[in-house]
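Chain by chain, the residues run as shown.
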Amino acid sequence: MAHFLEVEGLQKYFPIGKNLLGRPKQVVKAVEQVSFAAERGKTLGIVGESGCGKSTTARLLMDLISPDAGRITLDGETYGKGRDRKPIRELRKRMQMVFQDSYASLNARLTIEESIAFGPKIHGVSESAARAKARDLLDRVGLAPDNFIRRYPHELSGGQRQRVNIARALAIDPEIVILDEAVSALDKSVQAQVLNLLADLKADYGLTYLFISHDLNVVQYVSDTVIVMYLGQVVESGPAHSLYANPAHPYTAALLSALPALHPEDRKTHAPLEGDPPNPISPPSGCRFHPRCPYAEAVCGEKMPPLTDLGAGRHVACHMRIEGSGYSEPRPLAAPTATPTTP
Amino acid sequence: MQNVKSPSPTPPKSADGGKLATQSRGYWATVWRSLRRDPLSIVCATVLVGLVLIAVFAPLLAPHSPAESTMVNRLLPIGSAGYILGTDELGRDMLTRLMYGGRMSLVMGILPVVIAFVIGTSLGLMAGFFGGWVNTVVMRTTDVFFAFPAVLLAIAISGALGPGLGNSMLALTLVFIPPIARVAESVTTRVRMLDFVDAARASGAHSVTIIRIHVVNNVMGTVFIYATSLVSVCMILAAGLSFLGLGVKPPTPEWGLMLNTLRQSIYVQPWVSVLPGLMIFITSLCFNLLSDGLRGAMDLKR
């Protein structure tokens, strides 16, 4: 079955420092062999702690950072490097992005109307049509056009600005919208409003979302499928409900058990995961999670576990789940204590 | 000079939600409103406009001819009959010569900065936006100019090209391109990192369009403020070049040159001798204070 969006082997190493010959001294393996798929009209959530490569993945998809390798298939069209593929740049007509910082992502010297109309105008839409589109979109994101078209970003609140950013992203009629921590900077009540708005827009325009966040609750609330990233790699993916209810990877289990409990008696007394993520400049050998993994065995430090199909749409990269990997006896993961709630 | 689009000409619709719409105004209107409330800036701007008007209309306003000299009336003190501000070492009316001198001094102070502003900002924008080897080439070249003190550089270029008005203006322009380019480069580098540039790029715009619509108007303000503060430096440098005989030639009235020739009479008529210097001082002070006021007014978030 062909997926609507399919990303395969996306990779980006950032060189750090160069020696006299112009060769990089070290590289940060920011995104390594990331593959995932998303279905039309659905939401794919991407979670992970900061520095795990979530945002880099988003920027690679938009070609804001040029990927070292990778292939993106959207609706049968293949984008990527190579002669028979379209350049990733062309995905920009079909994919748009909303950034976390609502203030920095709007030009302070342009009115709201000018900011939204910018995209259509560079795609050849006439000035008046672009302005009409801006008015229409403002209305759709819940901002009265007459009140807002001539305002400047600093005159708006964070939630209003993020609505403008959403309108701006929709202005060139994308099929996919990447929401890179789009609601993370908003307070909870505004967050809920914006999430509802996003759900409405998705239904109205038939959009597909890539929802990137560190907030597990929000991701569970909005996503159909979820992928979990750790140090630039996908460690687990699957349908949101089954992944949250029954995590297969020890890292996912640890993340979920780190969710604050709602009931006082369920409060945890110690951190589920010790230490910080290792430095991506020199990631650990084998499974990148093994130094922090309570279930690690010798094989985990030797071989990198491939992302393996568990059936029912679930994939995991863990030796414990792979037959014949050399792992002794799979142990049950500590079940997440708190049932995650909707925001 | 500023590349900011004026808001759409349609008036705000007051019928529904006019309360919000009327509060919104263009960027420059906001700056002007804030500047208007700053008395110091208004005084400085008035003085500068006055000086420019006096310089432009000098032939109509001046009581004498700038070249008319009477050796009998040499070095009259301030307040002499017929010569309110006295006379210089050749018996020419000081008031007249100060008025005419303003023409040359203001042109030499402003024009090089304006040209350097255009060239320097373009270089800085390019270097800052494209980064990489473009940045290296442009910025390392400007660094070469930074190796010399501004005065020395102006004198060296002016001296090498030979004395003359055009050459000294050229020298001053070259002196001011590197600092303006450097400021423009650093602001551009900062702006380029902001998400709205990425958002514009993500919507499929080309670099030139992004620079034109999204970068220029965010860089221009800071560079503009910096350039206005350079006008005073430029006037002083221009006066210095004239003082050394590299700029304007006598008998053309120019403040720096007048200061030079009156220097020998400082023990005879100290107050008259000091007048051209006082004019340079007032003008450059006003430019500096005005640029300071602009800096405050252009800060949107205040």
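Residues numbered from 1 in each chain as written. Chains lettered and ligands numbered in written order. Predicted model: local features only at pLDDT ≥ 70, side-chain atom pairs only at ≥ 80, totals over all residues. Heavy atoms only, no water.

Pulling in residues and values, what's your account of the sheet that holds strand 10 (residues 233-239) of chain A?
Residue and element names in this part refer to chain A. Judged by pairing direction, the sheet is mixed, and its 8 strands sit side by side in the order 6-7-8-3-9-10-12-11 without closing on themselves. Single-partner strands in this sheet number two, and they are strand 6 (95-98) and strand 11 (308-311). Going from strand to strand, the sheet's axes swing by 20° on average, the running direction of each strand aside. Looking at chain direction, strand 6 and strand 7 (residues 176-180) are connected through 4 bridges and run parallel. (Pairing = 2+ DSSP bridges. Helix = DSSP H or I, 4+ residues; strand = E, 2+ residues; numbered from the N terminus. Axes fitted to C-alpha atoms, helices over the stretch in contact; angles between N-to-C directions.)

Can you tell me about the pairing of strand 10 of chain A, naming the residues and giving the values?
Residues and elements named next belong to chain A. Burial analysis of strand 10 places 7 of its 7 residues in the buried class, the great majority of the element. Across 6 bridges, strand 9 (residues 225-230) lies against strand 10 in antiparallel orientation. By the bridge assignment for strand 10, T225 is matched with P239. Here strand 9 folds back onto strand 10, and the loop between the two strands holds 2 residues, one of which, L231, carries a positive phi near 50°. (Buried < 20%, exposed > 50% of the residue type's maximum accessible area, 1.4 Å probe, protein only.)

Quick rundown of the confidence of the model for chain A? Include the residues and the values.
Mean pLDDT over chain A stands at 85; residues scoring 70 or higher make up 93%. A low-confidence stretch, residues 337-343 of chain A stays under pLDDT 50, and its non-local contacts, those more than four residues away or across chains, total 16 contacts. (pLDDT = per-residue confidence, 0-100. Contact = heavy atoms within 4.5 Å.)

Explain the packing of helix 2 (residues 112-122) of chain A against helix 3 (residues 127-140) of chain A residue by residue, including any values.
Residues and elements named next belong to chain A. In the contact formed by helix 2 and helix 3, the axes pass within 8 Å of each other and the chain directions differ by 120°. In terms of orientation, helix 2 and helix 3 fall into the oblique class. Where helix 2 crosses over helix 3, the two elements pack in a sense that is right-handed. Contacts between helix 2 and helix 3 involve I112, E113, I116, A117, P120 and K121 on the former and, on the latter, E127, A130, R131, A134, L137 and L138. Of the residues assigned to the contact of helix 2 with helix 3, the class counts are 8 nonpolar, no polar and 4 charged. (Parallel < 35°, antiparallel > 145°, perpendicular 65-115°, else oblique. Left-handed = near helix turned anticlockwise from the far one by under 90°. Nonpolar A, V, L, I, M, F, W, Y, C, P; charged D, E, K, R; others polar.)

Tell me what's going on with the packing of aromatic side chains, and back it up with residues and numbers.
Residues and elements named next belong to chain A. Counted under the stated rule, the structure contains 5 aromatic pairs over all chains. For the ring pair Y230 and F289, a centre distance of 5.1 Å and an interplane angle of 85° mean the geometry is edge-to-face. Linking Y230 in strand 9 with F289 in the loop between helix 9 (250-257) and helix 10 (298-302), this pair joins segments that are 59 residues apart in sequence. Among the residues examined, Y230 registers a relative accessible area of 1% and is labelled buried. Chaining the aromatic ring pairs together yields one cluster made of Y230, Y251 and F289. (Phe/Tyr/Trp six-rings, centres within 6.5 Å; stacked < 30°, edge-to-face > 60°.)

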